[in-house]
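Chains, contacts and geometry: an overview
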Amino acid sequence: PPPADDQWLPAGLVPHMLAILLAVPSTSCSAMQTLTLRSSKDQMPVVGLGLWKVPRETTADAVVDAIKAGYRHFDCACDYGNEAEVGAGLRRAIAEGLVTREQLWVTTKLWNTYHAPEHVLPALRRSLSDLGLEYVDLFLMHFPLAQRFVPFEVRYPPEWVYDPDAPTPTVELAPVPLASTWAAMEEALPAGLARNIGVCNFNTALLRDLLASATQPPSVLQVELHPYNQQPKLVRFAAQHGIAVTGFSPLGAGSYVELGMAGEQDSALRDPVIQSIAERLGVSAAQVVLRWAVQRGYSVVPKSSRPERLAQNLDLFGFELAPDDLAAIATLDRGKRFNDPGVFSEGMNAFLPIYD
């Protein structure tokens, strides 16, 4: 386990974080560490495979290859449009004896169009059907935004725009309180459909409000975290309230360049500070950034389809970043967010800010 040392986490965070998690060896991958979730005591591997933007035609093979490389944590979502293919890969790996269901951690997410309470569990059951699973390990609310309902038979996944064929296609919202969506998500626990529930893309104010009304507090908060968007106050707040954190897009700009949402110059992997640390330690820039995240006390779900990168992104536990390294990376924070509905929604004739 990592030492209880203030150099591992932002100042003041260690005593709170260590109260809710321990990095311990996983039974499925000897080098892997896990976060122990507060409510269920389930252990979530600190490194998972993000499946956003993985093409359907390669998803099943990517899942099998990842399992062969040692991955046990898979970050899925209805909106990614490839859960059926993820399920095919999981079934193949289990059939080949590479892994058992109990050794896997599978996350899915509730899409915005299914926030009304009567749609929450049907949406989860649809994801379970596509994944070929009886339960998921973690069920997350994808965004703190409720959109107008789109039936499965009309379009699945429904994505952002309500009617793509409208003269002016746009996002249509629905007046559904987050608390009512959360209450419906809580029903997934006794129903045996999910072992843990949580939220994505929440800020501290939304978390505080949810904690005030929830019967079952969120076990996990998933948000964008990388050296250019470190969110130390949010990470600290989550730790103080026993909420484990997962960082999506932990490598930063890469996944957004091809979407026109970032430029090559936005990549922290090219930053001289990261490059210098990587050169000194004899590891890749990606390994430095992922190791930095693990030493901050949260899990990460990087995406890669290249076998050598899959293995490299798991190989984080044979080296440590020194206090000076952590201090240097802390200076890189720009508050640079790549996945911001308040920005990209304008390309859909809408304005959906969730961050001030």
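Before reading on, note that the structure itself is shown above.
We now turn to the structure provided with this report. (Residues numbered from 1 in each chain as written. Predicted model: local features only at pLDDT ≥ 70, side-chain atom pairs only at ≥ 80, totals over all residues. Heavy atoms only, no water.)

1. Notes on the overall build of the protein
Within the protein one finds 13 helices and 10 strands. Looking at the 356 residues of the protein, the share that counts as buried comes to 56%. Taking as baseline every contact in the protein between residues at least 6 positions apart, the subset at least 24 positions apart corresponds to 72%. Counting every atom, the protein has about 14,700 Å² of accessible surface; 51% of that belongs to carbon and sulfur. (Helix = DSSP H or I, 4+ residues; strand = E, 2+ residues; numbered from the N terminus. Buried < 20%, exposed > 50% of the residue type's maximum accessible area, 1.4 Å probe, protein only. Contact = heavy atoms within 4.5 Å. Areas by Shrake-Rupley, 256 points an atom, 1.4 Å probe, with all protein chains shown as cover.)

2. Considering the packing of helix H4 (residues 117-131) against helix H5 (residues 178-186)
Two numbers describe how H4 lies on H5: the axes approach to 8 Å, and their chain directions differ by 40°. With respect to their mutual orientation, H4 and H5 come out oblique. H4 and H5 meet at a crossing whose hand is right-handed. Facing H4, whose interface residues are Pro-117, Val-120 and Leu-121, H5 presents Ser-180, Thr-181, Ala-184 and Met-185. Looking at the contact of H4 with H5 residue by residue, the class counts come to five nonpolar, two polar and no charged. (Axes fitted to C-alpha atoms, helices over the stretch in contact; angles between N-to-C directions. Parallel < 35°, antiparallel > 145°, perpendicular 65-115°, else oblique. Left-handed = near helix turned anticlockwise from the far one by under 90°. Nonpolar A, V, L, I, M, F, W, Y, C, P; charged D, E, K, R; others polar.)

3. Here we look at the side chain of Gln-147
Here Gln-147 shows up in the loop between strand E6 (138-141) and H5. At 2.9 Å, the side chain of Gln-147 and the backbone oxygen of Trp-160 are in polar contact. (Polar contact = N/O pair within 3.5 Å; in protein donor to acceptor, adjacent residues only side chain to side chain.)

4. Here's the deal with the pairing of strand E9 (residues 244-248)
Looking down a regular strand, the side chains alternate between one sheet face and the other. Among the five residues of E9, five are classified as buried, and the element is accordingly described as predominantly covered. Residues Ala-244, Thr-246 and Phe-248 of E9 are buried on one face, and the alternating residues Val-245 and Gly-247, pointing to the opposite face, are buried as well. Crossover strand E8 (residues 220-224) to E9 through helix H7 (residues 232-240) is right-handed. Relative to strand E10 (residues 299-300), E9 runs parallel, the two sharing two bridges. Looking across to E10, one finds that Thr-246 is bridged to Ser-299. (Right-handed = clockwise from strand over helix to strand, strands pointing away. Pairing = 2+ DSSP bridges.)

5. Describing the packing of helix H9 (residues 272-281) against helix H10 (residues 285-296)
Direction vectors running N to C along H9 and H10 enclose 100°, while the axes themselves pass 8 Å from each other. If you check the angle between H9 and H10, you find them roughly perpendicular. Where H9 abuts H10, its residues Ile-274, Gln-275, Ile-277 and Ala-278 lie against Ala-285, Val-288 and Val-289. Along the lines of polarity and charge, the residues of the contact of H9 with H10 split into six nonpolar, one polar and no charged.

6. Focus on the pattern of salt bridges
This model, assessed by the stated rule, comprises eight salt bridges. Put simply, Asp-137 and Arg-101 hold a salt bridge, and the shortest N to O gap is 3.0 Å. In this pair, Asp-137 sits in the loop between H4 and E6 while Arg-101 sits in the loop between helix H3 (83-95) and strand E5 (105-110), placing the two residues 36 residues apart along the sequence. You can call Asp-137 buried: its relative accessible area is 5%. (Salt bridge = Lys/Arg side-chain N within 4 Å of Asp/Glu carboxyl O.)

7. Considerations on the nonpolar core
If you look at the biggest cluster of nonpolar residues, it comprises 101 residues, and the most contacted ones within it are Leu-51, Phe-74, Leu-90, Leu-124, Phe-139 and Leu-221. By residue number, the principal contributor to this core is H10, which donates eight residues. Residues in contact with Leu-51, not counting those within four places in the same chain, are Thr-59, Val-63, Phe-74, Asp-75, Cys-76, Tyr-80, Asn-82 and Val-86. (Core = buried A, V, L, I, M, F, W, Y, C linked by side-chain atoms within 4.5 Å.)

8. Description of the environment of Trp-182
On the secondary structure map, Trp-182 appears in helix H5. For Trp-182, the residues in contact, after removing those within four places along its chain, are Met-141, Ile-197, Gly-198, Val-199, Leu-210, Ala-214, Gln-216, Pro-217 and Pro-218.

9. Side note on the sheet that holds strand E4 (residues 73-75)
Backbone hydrogen bonds are what pair the strands of a sheet, in a parallel or an antiparallel way. With respect to topology, eight strands assemble into an open sheet ordered E3-E4-E5-E6-E7-E8-E9-E10, the strand pairing being parallel. Looking at which strands have only one partner, the edges of the open sheet turn out to be strand E3 (49-50) and E10. Of the pairings in the sheet, the one linking E6 to strand E7 (residues 197-200) comprises three bridges and is parallel in character. Within the sheet, the bridge partner assigned to Met-141 lies in E7 and is Val-199.

10. Comments concerning unusual backbone geometry
Residues Tyr-156 and Pro-157 are joined by a peptide bond in cis, for which omega reads -5°. Checked against the element boundaries, Pro-157 lands in the loop between E6 and H5. Located in the positive-phi region is Asn-201, a residue other than glycine, with phi close to 60°. The topology assignment puts Asn-201 in the loop between E7 and helix H6 (204-213). Take Asn-201: its relative accessible area is 3%, and that puts it in the buried class. Residue Gln-231 is not a glycine yet carries a positive backbone phi of 45°. Tracing the sequence through the fold places Gln-231 in the loop between E8 and H7. Since its relative accessible area comes to 15%, Gln-231 is described here as buried.

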